[in-house]
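Results of the structural survey
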Amino acid sequence: MPSGTLAPLGSGSGSALSYWGPNEPHLPVSPPTADIISTVEFNHTGELLATGDKGGRVVIFQREPESKNAPHSQGEYDVYSTFQSHEPEFDYLKSLEIEEKINKIKWLPQQNAAHSLLSTNDKTIKLWKITERDKRPEGYNLKDEEGKLKDLSTVTSLQVPVLKPMDLMVEVSPRRVFANGHTYHINSISVNSDCETYMSADDLRINLWHLAITDRSFNIVDIKPANMEDLTEVITASEFHPHHCNLFVYSSSKGSLRLCDMRAAALCDKHSKLFEEPEDPSNRSFFSEIISSVSDVKFSHSGRYMLTRDYLTVKVWDLNMEARPIETYQVHDYLRSKLCSLYENDCIFDKFECAWNGSDSVIMTGAYNNFFRMFDRNTKRDVTLEASRESSKPRAVLKPRRVCVGGKRRRDDISVDSLDFTKKILHTAWHPAENIIAIAATNNLYIFQDKVNSEMH
């Protein structure tokens, strides 16, 4: 894993692809809420990168081809298409506003020249088709150049219409809308390896959908108790196994993972495996249950391991060992003494995501102060890097950062008391085959590339 050798792979505005926002980096005002990025996702080849924001918009970036002048230079990501995915709605039966915020985006494996993705807000999932047009038909017999029908009496001869080149146009069209499947807020969607079905999860239920059928779904997990006063945990995330279409995992607010097999029963309330780490009684505190809640779970590309993120740690689990994780990495253990103030300002409820690199050898997750952490599973080395306009000059190598808890401070160390908790990196994504990462920091998207070696480690 490169230790501090990531360089920004910028586009236009330097290292940060800042859309919808002002170009002035030092404005004292905070960005509008609608501009805050809420999800980031590479497609299966890594050539496209989609982001969703709290304003219901989806922005797709495309990687530019390598330059002829510099054949070995990696192409940068530029805006490919932008569209409004969701609008704010109102549920009149429950008198509830439904936010337009995009909770998750998932790409479908490409079947033809078009690309497809699923996007969801709290209640409604939509399937979008992205196509390109660079030719237009000309020479109609029954229409004029403006597309109006001609008077048939004026048509004296027949001609063969031809396709003429035109400027490239990217068209995004809604193909299907999957609505009314969830009573509670959708927190995750996952496309199955069979490329025909996907699942969506809310706080208490997980539904299985067919991509071609919008008017019904199958409930495969339901943890809602008969009496809501008996509710002790909620579903926080779920994902299908990358290779076995019958297996999926879901995480809970109690820190446990449940692996389910759809071959065993139609309703998977009885899990096949329960992954749970026994709590150390000596570490028990008022905040124990809150900080043990799993905010994200990801299968490794190999399908052998699972990666989970809770408030203070990332953990790697082996599917063959349920008793405890095989690896635990401290993300920001220096915050353990700050949990009381983090509870008061609600930061303790922040939901950080995690990501694998293409070879499952390095894991990445976000932290506060626009810091993000990377852990090399082989060498056990880790690094803290910062995604900010000040530290991320185009083509410059990122310098490792260090948080100082007490005692002697080095020159570039930052004190734990001066961390900015309003700057948080919740959403990250890793290119499926190369050392390119996407980091969402408020309303800025940073794309970094391993400068030393673009090959997988």
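Residues numbered from 1 in each chain as written. Predicted model: local features only at pLDDT ≥ 70, side-chain atom pairs only at ≥ 80, totals over all residues. Heavy atoms only, no water.

For the protein chain, the name recorded in an unreviewed UniProt entry is Serine/threonine-protein phosphatase 2A 55 kDa regulatory subunit B, with Ursus maritimus as its organism. Regarding the protein chain, the UniProt comment filed under Sequence similarities (unreviewed entry) reads as follows: "Belongs to the phosphatase 2A regulatory subunit B family." (UniProt positions renumbered as here; feature names shortened; annotations may be inferred.)

When you go through the protein chain residue by residue, the secondary structure sums to 2 helices and 33 strands. Nonlocal contacts in the protein chain, meaning residues at least 24 apart in sequence, comprise 55% of its contacts between residues at least 6 apart. (Helix = DSSP H or I, 4+ residues; strand = E, 2+ residues; numbered from the N terminus. Contact = heavy atoms within 4.5 Å.)

Ordered by their spatial adjacency, 4 strands build an open sheet running β9-β10-β11-β12, and the pairing between neighbours is antiparallel. Edge positions in the sheet fall to β9 (104-107) and β12 (162-178), since each of these pairs with one other strand and no more. Within the sheet, the average angular offset between the axes of one strand and its neighbour, ignoring direction, is 25 degrees. As defined by bridge partners, strand β10 (residues 115-120) adjoins strand β11 (residues 125-138) across 6 bridges and the pair is classed as antiparallel. Bridge assignment links Ser116 to a residue of β11, and that residue is Lys129. (Pairing = 2+ DSSP bridges. Axes fitted to C-alpha atoms, helices over the stretch in contact; angles between N-to-C directions.)

If a residue is not glycine, its phi is most likely negative; likewise, a peptide bond is most likely trans. A positive phi is found at Cys195, a non-glycine position, where the angle reads about 60 degrees. Mapped onto the fold, Cys195 is located in the loop between β13 (188-191) and β14 (197-201). With a phi angle near 60 degrees, Asn370 is a residue other than glycine that sits in the positive phi range. Relative to the assigned elements, Asn370 resides in the loop between β26 (362-366) and β27 (371-376). What makes Asn370 buried here is its relative accessible area of 8%. (Buried < 20%, exposed > 50% of the residue type's maximum accessible area, 1.4 Å probe, protein only.)

Two numbers describe a pair of aromatic rings. These are the distance of the centres and the angle of the planes. Applying the stated criterion across every chain, the model contains 19 aromatic pairs. Judged by centre distance (5.0 Å) and plane angle (65 degrees), the rings of Phe90 and Tyr92 are edge-to-face. Residue classification places Phe90 among the partly exposed positions, given a relative accessible area of 37%. Of the aromatic side chains, those joined through ring pairs into one cluster are Phe286, Phe287, Tyr343 and Phe349. Positioned over the ring face of Tyr305 is Arg377, at 4.8 Å from the centre of the ring. (Phe/Tyr/Trp six-rings, centres within 6.5 Å; stacked < 30°, edge-to-face > 60°. Lys NZ or Arg CZ within 6 Å of the ring centre and 35° of its normal.)

Here we come to the nonpolar core. Tyr311, Val314, Leu335, Leu342, Ile363 and Leu419 are the most contacted members of the largest nonpolar core, which has 30 residues in total. For this core, the secondary-structure elements that each account for two or more residues are β22 (305-309), β23 (313-318), α2 (339-344), β25 (354-356) and β27. Here Leu342 is in contact with Tyr311, Leu335, Cys347, Ile348 and Phe421, once residues within four sequence places are set aside. Phe372, Leu398, Tyr446 and Phe448 belong to the second-largest nonpolar core, a separate cluster that totals 16 residues. (Core = buried A, V, L, I, M, F, W, Y, C linked by side-chain atoms within 4.5 Å.)

Strand order in the open sheet formed by 4 strands is β17-β18-β19-β20, and the pairing between neighbours is antiparallel. The sheet terminates laterally at β17 (235-240) and β20 (273-275), the two strands that pair on one side only. Sheet twist, expressed as the average angle between the axes of neighbouring strands with direction ignored, equals 20 degrees. Two elements, β17 and strand β18 (residues 247-252), share 5 bridges in a ladder whose sense is antiparallel. When the sheet's bridge partners are listed, Ala237 is paired in β18 with Ser251.

For the protein chain, per-residue confidence averages 87 on the pLDDT scale, and residues scoring 70 or more make up 89% of the total. Long-range and interchain partners of residues 10-28, a stretch whose pLDDT sits below 50, account for 45 contacts in this model, where long-range means more than four residues apart. A low-confidence stretch, residues 453-457 (pLDDT under 50), is modelled with 19 contacts involving residues beyond four sequence positions or located in other chains. (pLDDT = per-residue confidence, 0-100.)

Below, the discussion takes up the pairing of β23. Burial runs high along β23: 6 of the 6 residues are buried. Burial of the side chains of β23 extends over both faces: Thr313, Lys315 and Trp317 are buried on one face and Val314, Val316 and Asp318 on the other. The pairing of β22 with β23 spans 5 bridges and is classified as antiparallel. Residue pairing for β23: Leu307 is matched across the bridge by Val316. Connecting β22 to the next strand, β23, in antiparallel fashion are 3 residues. As defined by bridge partners, β23 adjoins strand β24 (residues 327-330) across 4 bridges and the pair is classed as antiparallel. Bridge pairing links Val314 to Tyr329 in β24.

A word on the pattern of salt bridges. Under the defined criterion, the tally for this structure stands at 22 salt bridges. Its salt-bridge partner being Lys106, residue Glu41 comes within 3.6 Å of it at the nearest N-O pair. In this pair, Glu41 is assigned in strand β3 (residues 37-42) and Lys106 in strand β9, connecting sequence segments 65 residues apart. Residue classification places Lys106 among the buried residues on the basis of a relative accessible area of 13%. Residue Glu434 is joined to Arg63 by a salt bridge in which the shortest nitrogen-to-oxygen separation is 3.1 Å. With Glu434 in the loop between β31 (427-430) and β32 (436-441) and Arg63 in strand β5 (residues 57-63), this residue pair connects regions lying 371 residues apart in the sequence. Neither residue differs from the other here; Glu434 and Arg63 are each classed as buried. Several salt bridges share partner residues, and in doing so they unite Asp35, Asp53 and Arg57 into one network. (Salt bridge = Lys/Arg side-chain N within 4 Å of Asp/Glu carboxyl O.)

Next up on the list: the pairing of β26. Of all the 5 residues making up β26, 5 are buried; the element is thus mostly covered by neighbouring parts of the structure. What you see with β26 is no split at all: Val362, Met364 and Gly366 on one side and Ile363 and Thr365 on the other are buried throughout. The turn linking β25 back onto β26 is made up of 5 residues, and Asp360 within it adopts a positive phi angle of 65 degrees. In this sheet, β27 lies alongside β26 in antiparallel orientation, the contact comprising 5 bridges. Its bridge partner lying in β27, Ile363 is registered against Phe375. In this structure, the hairpin formed by β26 and β27 is closed by a connection of 4 residues, where Asn369 is found at a positive phi of approximately 65 degrees.

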